[in-house]
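Residue strings, one per chain:
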Amino acid sequence: MKYTIIKENRYQDSIVLMLLSNKLSQIEGVNQVSIMMGTPANKDIFKTSGMETAELDNANPNDIVIVVDTEDESKVAEVDQQIEDELNGKDDADNATAKNDVAKNWDKALELANNPNLALISIPGQYAAMEAENALNHNLNVFMFSDNVAKEDEVRLKKMAHDKGLLVMGPDCGTGIIHGVPLAFTNTVNEGNIGIVGASGTGIQEVTTIIDREGNGVTNAIGTGGRDLSTEVGAITMLDSIKALNQDPKVKVITVISKPPAKEVEDRVLNLLRNIDKPVVTLFLGEKPTYTEKEIYHAYTLEETARVSVQLAADEQPNFKPAINTEVKANFNDGQDGIKGYYSGGTLASEAAMLIRDNAGSEEGETPEGYSFKGGNHEVIDLGDDMYTQGRPHPMIDPSKRIEMLEQAADSDSTAVIMLDNVIGYGSHEDMANQLAPTIKEILNKAKSQQRDLVVLATVVGTVHDHQGYQQQIDTLVDAGAVVCATNDEMVRTALHLIGKEVAQPSLDVKEFDAEKVDLTVDEKVLNLINMKPSVINIGLESFTEAIKNSDAEVVQFNWRPVAGGDEKLMKVLQFLNNFKGETV
C-alpha cells in the first residue's frame, strides 16, 4: 500500500532528500520511501519508478512529497516524524548561521561576498540556467554542477561568457580545482605545474590523483562539462581554458581529457594546441591513438595520461609502462570467463569498456541501454548513469545498487572477475569501502563453498590527503578479500590477464602538422580566476561550501529557493523584468 505525505513550501535540495529516502527505506516494515520535490519532472519519476499515487497531482514544485510503500499504516507516522526531526534539525542549523554568512537572494549574497568572481551552482537543472545568467550578469565565472540543462541554454550561456571574458564550466560539471580550491566532487591534490582541462569528472579525478601520488600536483583542473566538445557547443570553454593555462606561468604541461569529440571540434582543439609552445598531453578516451606529435603526446588511457604528464613536467621523455598485477591467481571453470565492472565513475566505466572491447572481442550488436559495454559474458555498467540514479543518490554516496549488482554477478556461473571503483574525496561517501566490504566477503565465501574461484578487483581513486583515508580504504577492501590495484588501467588489464587476454598498447608514429595561427590572448578576468584563490558564491549544496572553507578560500552560502512557486515561465518573466531594471531576483 502506498501513502502520500505533502509538506507545503518546505524546499530542500534533492541530494538531501535522496539520502533521507535511502535512510528511511531501512525502517523495518517499510518497503520503500521516496522523497522528492513536487516538480513535474519528479512526478514523472514517481510514476516510472512505481511510486505513483493520486495525491501527487496536489503537490506544487515548492512542496516536499513523500510516498511510503508499506503494509503497516502505523509506519507512515513513524516516517513522517523522522522526516520532521531531520528537517527541523537542518532548519535550526540554517537559522543559527543565517545572520552571519548565509544569503537567500542575490542582493544579500553580493553584499556578504568579498569581491566574488565565481558562482558554483548545484540547484535543479530546470532553474540552473537562470541563475547562471544572473551570475554572468554580475561578472562572475560559473561552475555549473547542475545537470539536465538544455543544450541551447548551454550554448547561449557559454557564448555570453566568452563575450564577457568569463568561463562557464558545465553544466553537469562534476569536478574542478581552481588555484588549489576543490569544487564539487574532487580530491585534495597537491599544487604543482601540470594544468588540466577536461570534459569528464572522474577522468579528472583519476588523472589528478595519480599525478599527486607520483609526487607532482595540479593547481588548476578546469572542468568543461561533457557536452562542451559537441558540434553545437563547439568547445567554447575548453578552447578558452587552454588559452588561460597557456598564459599561466605556473603551468609547465597542459593536459586535455575528453571523450572523442565531433571531428571538426577535435580539429579545432588540436589546431589550438599546435599553436602552444608548452608540452601537451591529450586523451580522447575511447579513440585509440594511431600517432603522436613532437610537442603533443596522444595517450590511450587515463593512467598513461597522468604518468606521461608527470614525465614531461620533469623534462623526461615519455615512457609509459602499463602495470598488471600478476600475483593474483585463479583457476576458473569451463565457461567462466566473464568480467563484470560496476562503476560509480562514468569515465572510469568508459575506459574499462574501451579496454575490454578492444582486447576481448567486439560487442554483440549495439550496446543495450544502461551498459557501457556488453558482449559475451562481459558487462560494464556506469551506475551513476541517469538510468540508475532517478530518485536515488549517486553511487559515490549510496552503495545499495552496487551491493545488489555484486550479489547478482556473483550468482552467475559465468562470472570470473568483478571490478569496482571506490572514488573518495569531497562529496563522496565517508567510508564506502566499509559499506562494500561485507558483501565482497560474503560473495567470495559463497563462491568458495561452491568450489568456484571468483576474483574481486578494486581501485581507490584518491590521495593520502583525502579525509576518508586513502590507505584505510585500501586496507578495508583487502581485508574483505578484494585485490586492490593502483589505477583503473591496471585493474582492467589485470582482469583481462586473468581470463587469458592481454591489452595491446598502441604503437605510435610521430607526425608533424601545419597549424593555422590563432589568437592566444585571454581576458584578465579568466587569468585572475586561475591565478588566485577564487571568492565563491555557492548556490545550492552546503557541503560544497564546507570544502571551499577548508581550503581557506572566501565563500558565501546562497540557500537558493525557487521564487514564484517554482513556476518556470513566471520565474523567467521575473528574471527578464529584473534584468531589464539592472537588478536580479
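All values reported here derive from a predicted model rather than from experimental measurement. The residue numbering used here restarts from 1 in each chain and proceeds along that chain's sequence as written. pLDDT decides what is reported in this predicted model: residues at 70 or higher carry local features, side-chain atom pairs at 80 or more are listed and counted, and totals for whole chains, interfaces and linings draw on all residues regardless. The side-chain numbers reported here are obtained from all heavy atoms of the structure, hydrogens and water having been left aside.

Attention now goes to the overall build of the protein. Where helices and strands are cited, they refer to DSSP runs of H or I of at least four residues and of E of at least two residues respectively, numbered from the N terminus. On a plain count of helices and strands, the protein comes out with 19 helices and 24 strands. Just to be clear, the radius of gyration here is over C-alpha atoms, and the globule rule we use is 2.2 Å times residues to the power 0.38. On C-alpha atoms alone, the protein measures out to a radius of gyration of 24 Å, which is about the 25 Å that the 2.2 N^0.38 rule sets for 585 residues. Principal axes of the C-alpha set define a box for the protein whose edges measure 65 × 60 × 40 Å. Relative accessible area decides the class of each residue, using a 1.4 Å probe on protein chains only: under 20% of the type maximum gives buried, over 50% gives exposed, and in between gives partly exposed. Here the protein holds 585 residues, and 58% of them are scored as buried.

Bringing the side chain of Ser 344 into the picture now. Position of Ser 344 relative to the elements: it lies in the loop between strand S16 (338-343) and helix H11 (346-359). When its relative accessible area of 2% is taken as the criterion, Ser 344 is described as buried. Leaving out residues up to four positions away in the same chain, Ser 344 has contacts with Asp 382, His 394, Pro 395, Met 396, Arg 402, Asp 421 and Val 423. By definition, residues are in contact when any of their heavy atoms lie within 4.5 Å.

UniProt positions are given in the numbering used here, feature names are shortened, and annotations may be inferred rather than shown by experiment. In this structure's numbering, the residues bearing the UniProt feature "domain: CoA-binding" (unreviewed entry) are residues 191-284. A distance of 25 Å separates the end C-alpha atoms of residues 191-284, which is 38% helix and 23% strand.

Attention shifts here to the pattern of salt bridges. Two side chains that carry opposite charge are able to pair once their charged atoms sit near each other. A pair is scored as a salt bridge if a Lys or Arg side-chain nitrogen falls within 4 Å of a carboxyl oxygen belonging to Asp or Glu. Summed over the entire model, instances satisfying the criterion amount to 24 salt bridges. For the salt bridge of Asp 228 with Lys 158, the shortest nitrogen-to-oxygen distance reads 2.7 Å. Highlighted residues: Asp 228 in the loop between strand S11 (218-223) and helix H8 (236-247) and Lys 158 in helix H6 (residues 151-164), separated in sequence by 70 residues. On the basis of relative accessibility, which here comes to 0%, the residue Asp 228 falls in the buried class. Its relative accessible area of 1% is what places Lys 158 among the buried residues. With a shortest N-O distance of 2.9 Å, Arg 274 and Glu 293 are connected by a salt bridge. Of this pair, Arg 274 sits in the loop between helix H9 (263-273) and strand S13 (280-284) while Glu 293 sits in strand S14 (residues 291-293), placing them 19 residues apart in sequence. Overall, Arg 274 belongs to the partly exposed group, its relative accessible area being 23%. What makes Glu 293 buried here is its relative accessible area of 9%. Overlapping salt bridges bring together Lys 7, Arg 10, Asp 80 and Glu 84 as one network.

Looking now at the confidence of the model for the protein. Summing up the model confidence of the protein, the mean pLDDT is 91 and the portion of residues at 70 or higher is 93%. pLDDT expresses, on a scale from 0 to 100, how confident the predictor is about each individual residue. Segment residues 95-99 is flagged for pLDDT under 50; beyond a separation of four residues in sequence, or across chains, it makes 1 contact in the model.

The next subject is the sheet that holds strand S17 (residues 373-375). The 6 strands are arranged S17-S18-S16-S19-S20-S21 in an open sheet whose pairing can be described as mixed. Bordering the open sheet on either side are S17 and strand S21 (483-485), each of which pairs with just one other strand. Between one strand axis and the next, the sheet turns by 20° as a mean value, whatever way the strands run. Strand pairing is assigned whenever DSSP identifies at least 2 bridges connecting the two strands. Here S16 pairs with strand S18 (residues 378-382) via 4 bridges, running parallel. Paired with Gly 341 across the bridge in S18 is Val 380. For helices, the axis comes from a line fit to the C-alpha atoms of the stretch in contact; other axes are also lines fit to C-alpha atoms, and the angle between any two N-to-C directions lies between 0 and 180 degrees. Each of S16, S17, S18, strand S19 (415-423) and strand S20 (455-461) touches H11; the most contacted strand, S18, lies at about 160° to it. Its contacts with the sheet place helix H14 (residues 432-449) against S19 and S20, and it is angled at close to 170° to S19.

An α-helix turns once per 3.6 residues; consequently, residues spaced three or four apart project the same way. To estimate how far a helix should extend, the number of its residues minus one is multiplied by 1.5 Å. Its 12 residues give helix H10 (residues 302-313) an end-to-end C-alpha distance of 17 Å, which sits within 8% of 16 Å, the value for a rise of 1.5 Å per residue. With 12 of 12 residues buried, H10 lies mostly within the body of the structure. For H10, the full list of buried residues reads Leu 302, Glu 303, Glu 304, Thr 305, Ala 306, Arg 307, Val 308, Ser 309, Val 310, Gln 311, Leu 312 and Ala 313. Looking one or two residues past H10, Asp 315 carries a phi angle of roughly 60°, positive in sign.

A few words now on the packing of H14 against helix H15 (residues 470-479). Look at H14 against H15: their axes get within 8 Å of each other, and the N-to-C directions meet at 10°. In terms of their interaxial angle, H14 and H15 are classed as roughly parallel. On the side of H14, the interface is formed by Met 432, Ala 433, Asn 434, Ala 437, Ile 440 and Lys 441, while H15 contributes Gln 473, Thr 476, Leu 477 and Asp 479. Among the residues making up the contact of H14 with H15, the classes are represented as 5 nonpolar, 3 polar and 2 charged. Any angle between 65 and 115 degrees counts as roughly perpendicular, while under 35 counts as roughly parallel, over 145 as roughly antiparallel, and the rest as oblique. The residue classification treats Ala, Val, Leu, Ile, Met, Phe, Trp, Tyr, Cys and Pro as nonpolar and Asp, Glu, Lys and Arg as charged. All others, Gly included, are polar.

Our focus in this paragraph is the layout of surface pockets. Estimated volume of the second largest pocket: approximately 800 Å³. In this structure, the second largest pocket is lined by 33 residues; those nearest its centre are Ile 15, Val 16, Leu 19, Leu 541 and Ser 543. Those elements giving two or more residues to the lining of the second largest pocket turn out to be helix H1 (14-24), helix H3 (74-101) and helix H18 (542-550). A class-by-class count of the residues in the lining of the second largest pocket yields 15 nonpolar, 10 polar and 8 charged. Only protein atoms enter the 1 Å grid, on which a cavity is a set of points fitting a 1.4 Å probe that cannot get out and a pocket is an open set with protein on both sides within 12 Å along at least 5 of 7 lines, lining residues being those with an atom within 4 Å of a point. Grid points are joined across faces, edges and corners, and a volume is the space filled by probe spheres set on the points.

Residues Phe 544, Thr 545, Ala 547 and Ile 548 constitute the buried set of H18. End-on, the buried residues of H18 take up no more than an arc of 160°, which puts them together on one face. Contacts made by the buried residues of H18 are with strand S5 (118-121), strand S9 (181-184), strand S23 (536-539) and strand S24 (555-558). Arc definition: it is the arc formed by the directions from the helix axis to the C-beta atoms.

On to the sheet that holds S24. Spatially, the 6 strands line up as an open sheet ordered S4-S24-S23-S5-S6-S7, and their pairing is parallel. At either end of the open sheet lies a strand with only one pairing partner, and these are strand S4 (102-103) and strand S7 (168-169). Looking at chain direction, S5 and S23 are connected through 4 bridges and run parallel. Of the residues in S23, the one forming a bridge with Ile 121 is Ile 539. On top of the sheet, H18 reaches S5, S23 and S24; it is set at about 175° to S24, its chief contact.

This part covers the nonpolar core. The nonpolar side chains of a soluble globular protein tend to be buried with one another. Ranked by internal contacts, the top residues of the largest apolar core, which has 106 residues, are Val 417 and Met 419. For this core, the element with the most residues is H11, which contributes 7 residues. Once residues lying within four places of it in the same chain are set aside, the contact partners of Met 419 are Ile 339, Lys 340, Gly 341, Tyr 342, Tyr 343, Ala 352, Ile 356, Leu 457, Met 491, Val 492 and Ala 495. What is meant by a nonpolar core is a set of buried Ala, Val, Leu, Ile, Met, Phe, Trp, Tyr and Cys residues, joined one to another through side-chain atoms within 4.5 Å.

What follows is about the domain arrangement of the protein. Residue ranges for the domains trace back to a domain assignment, done automatically or taken from a database. The domains assigned to the protein are domain 1 (2-97), domain 2 (103-172 + 534-584), domain 3 (175-321 + 506-521) and domain 4 (338-499). Counting from both sides, the interface comprises 8 residues of domain 1 and, opposite them, 12 residues of domain 2. Taken over both partners, the interface formed by domain 1 and domain 2 buries close to 880 Å², and the fraction arising from carbon and sulfur atoms is 49%. Linking domain 1 to domain 2 there are 0 salt bridges. Here the residues of the side of domain 1 that touches domain 2 sort into 3 nonpolar, 2 polar and 3 charged. When two components associate, each loses some accessible surface as probed by a 1.4 Å sphere; the sum of these losses over both components is called the buried area.

Bringing the packing of H11 against helix H16 (residues 488-498) into the picture now. Where H11 meets H16, the axes come as close as 10 Å, and the angle between the chain directions of the two elements is 35°. The handedness of the crossing between H11 and H16 is right-handed. Contacts from Leu 348, Glu 351, Ala 352, Leu 355, Ile 356 and Asn 359 in H11 reach Asn 488, Asp 489, Val 492 and Leu 496 in H16. A per-class count over the contact of H11 with H16 returns 6 nonpolar, 2 polar and 2 charged. Note on convention: near helix rotated counterclockwise from far helix by under a right angle means a left-handed crossing. Clockwise means right-handed.

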